[in-house]
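Here is how the chains run, residue by residue.
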Amino acid sequence: MTTTSFTTAARASACALGALSLAFSAACTAPSSQAVDTGVPGGRPSSAVRAPGDPAIPERQTARFPDGWRLPAGTRATFAPEVMAVSNSPEASAAAAEIMRAGGNAVDAAVALGFALAVSWPEAGNIGGGGYTVVRMADGRTAAIDYREVAPLAATRNMYLDENGKLTDKSIYGHLASGVPGAVAGLNALLERYGTMPLSRVMQPAIKLARDGFVVDTALAGSIERASKMLLRFQAQSPFTPGGKPLAAGARLVQPDLARTLEAIAAQGPSAFYSGWIADSLTGEMQRGGGIITKADLAKYAPVWRAPIRTTYRGYGLLSMPPSSSGGVTTAEALNILEQYPTVPSYGSTQWFHLVGSAYQRAFIDRNAKLGDPAFVQVPLAQLTSKTYAARLKATIADTRATPTRDLEPRMEAAAREPMNTTHYSVVDARGNAVATTTTLNNSWGSGVWVRGAGFMLNDEMDDFAAQPGKPNMFGLVQGEQNAIQPGKRMLSAMSPTIVLDPVDQVLLVVGAAGGPTIITGTSQVILNVIDHRMSLGDAMRAPRVHHQALPDSLTFEAGGVRPAVLDSLRGYGHAMRELRSLVNVNAIMRVKGGWEGQPEPRRSGGAVGY
Ligand code: GLY
């Protein structure tokens, strides 16, 4: 039996997925307002995951959320005894399950999922962008691969300033906004090192989805609608806006150009993308729109294998992404500060918000000033991830008083608002292999440029550089010299694909998120909720979230997520409280007795598929 859950409107199209020959069940008839658990409580234990009664899986405690918080506590995530895949697209999660059913491991499945996501979640899934993957194989091997985009060779430090030195929007919209894409090279390298199947096999579900199409659900239709003006501005011929109108829910999205592109990559490998006719299409598109990516840029692109950031939190192990992403370092620094407190304040209390927010504030000050591409700048990794350094930072946190960011050293300004348009997926298999991948075009639908003839969207990742060091970019992000534009350099990211190991070294959580800087705080709060507060995965994902990124110097919270008395107390401490409707898009898997639970983001759409 295959177990699925879909959040919100994504279900509609997943129910039309007969072609993937997986046994979808009650999810197709259940109410659409929340995740549907069609799991098999107490299902047969897998040979790979630890048996019921495993002392490494402590009992979960029921969470209590503020009255009026919109996501209910006590909702169980989707259970499956052997394998699980979770992403923002039910179709893509199903592609991963299909590959594992056919004998593939979690890496084969994750690569299948990555390519399928480029078809079924085109606002962020991609072959025209880049990402990061952290792997933990059942035999204990670990790795991280960086396939972040790089600045084109013709990029210059001030390329986004106008003649008056003012920042333009060209790092966000249009042909000049793109870094050299890394996704195809990265996924292929990952498969070659840790997978068991050929690329031509794992890409089959993606090719089929592109060629035969799938039914657009309301989540995708809403996304296309919101992006349609931008899409039409750069390319009227994309399949997302036929006849100049955004594709509506219930329509079938068929992408023949993308199918042809995927078929070429499947047959010839990444060279089809980086030097063949697809490269010609991409550079032709660049020439048409005034972009600067050349065939030399594409030919030069290479992913980089890196050692994961390894840290511990209260006896649990963490593996996460090192620079060029800031995710692993900033998460480690924040958790190290929190670990200095022998006891954790109760979840949702004034003291909890204050300490967690203050830890993030300090970690983000370092992130914004000190991190960048290690091939270009010195990054003080050992210092930032050390427990001794965390103890010194903890000493700067007053018990009942917020510290203004301007009073903390170094005095760095930081982000004001962040794009929410990356996407994360987690996959585990029956042997206990685990893959965490976060991938992005940056903004939703990237630069808005669809490559004519090759059928894919291009990223606007150049905006993650400090386009004008010391000044806010178009998203308000103010970063330092370490992250200034240089040809061939990777722009700093916040992506945080993370694998948490329990005290006996078994995979406990596979987690990551979308949402710019909030990726770091959202991912780490799911980890804190599971470890500190013993929440179930369903509760850990539904718990109200909080965010601090140094500047703006405010504690951001979700509407209804803080009790009024706590809000008053936090204001009394001196925190500027900033309310947002929703924070972060997390997708996670957790090991439970007898198997795995998978939970797509309850605030967005997505699917958990396992068996
Ligand atoms: N593009 C968002 C990030 O990499 O952090």
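Everything here concerns the structure above.
Notes on the structure follow. (Residues numbered from 1 in each chain as written. Predicted model: local features only at pLDDT ≥ 70, side-chain atom pairs only at ≥ 80, totals over all residues. Heavy atoms only, no water.)

Moving on: the site of the ligand. Around the ligand lies a shell formed by R148, T422, N442, E461, D464, S493, A494 and M495. At a separation of 3.1 Å, an oxygen atom of the ligand approaches a polar side-chain atom of R148. Within the side chain of E461, a nitrogen or oxygen atom sits 2.9 Å from a nitrogen atom of the ligand. Here the ligand loses 97% of its free accessible area of 200 Å² to cover by the protein chains. In terms of residue class, the shell around the ligand is built from 2 nonpolar, 3 polar and 3 charged. (Near = heavy atom within 4 Å. Polar contact = N/O pair within 3.5 Å; in protein donor to acceptor, adjacent residues only side chain to side chain. Areas by Shrake-Rupley, 256 points an atom, 1.4 Å probe, with all protein chains shown as cover. Nonpolar A, V, L, I, M, F, W, Y, C, P; charged D, E, K, R; others polar.)

Quick look at the sheet that holds strand β9 (residues 309–313) now. If you trace the 7 strands from one edge of the open sheet to the other, you get β2-β19-β18-β14-β13-β10-β9, paired in antiparallel fashion. In this open sheet, the two strands that pair with only one neighbour each are β2 (78–80) and β9. Along the sheet, successive strands turn relative to each other by an average axial angle of 20°, direction set aside. Against the sheet, helix α16 (residues 518–531) contacts β9, β10 (316–320), β13 (498–501), β14 (507–514) and β18 (585–592), and its axis sits at roughly 155° relative to β14. (Pairing = 2+ DSSP bridges. Helix = DSSP H or I, 4+ residues; strand = E, 2+ residues; numbered from the N terminus. Axes fitted to C-alpha atoms, helices over the stretch in contact; angles between N-to-C directions. Contact = heavy atoms within 4.5 Å.)

Moving on, we come to the packing of helix α2 (residues 90–101) against helix α3 (residues 106–120). Between α2 and α3, the shortest axis-to-axis distance is 8 Å and the interhelical angle comes to 150°. Taken as axis vectors, α2 and α3 run roughly antiparallel relative to one another. When the axes of α2 and α3 are compared, the crossing they make is right-handed. Contacts between α2 and α3 involve E91, A92, S93, A95, A96, I99 and M100 from the first element and A106, D108, A109, A112, L113, A116, L117 and S120 from the second. (Parallel < 35°, antiparallel > 145°, perpendicular 65-115°, else oblique. Left-handed = near helix turned anticlockwise from the far one by under 90°.)

Glancing now at the sheet that holds strand β17 (residues 576–580). Two strands in a sheet stick together by hydrogen bonds in their backbones, pointing the same way (parallel) or opposite ways (antiparallel). Read from one edge to the other, the open sheet built from 3 strands follows the order β15-β16-β17, with strand pairing classed as mixed. Each end of this open sheet is capped by a strand with a single partner; those strands are β15 (546–547) and β17. Here 5 bridges tie strand β16 (residues 554–558) to β17, and the two strands are oriented parallel to one another. Along β17, the bridge assignment pairs E558 with L580.

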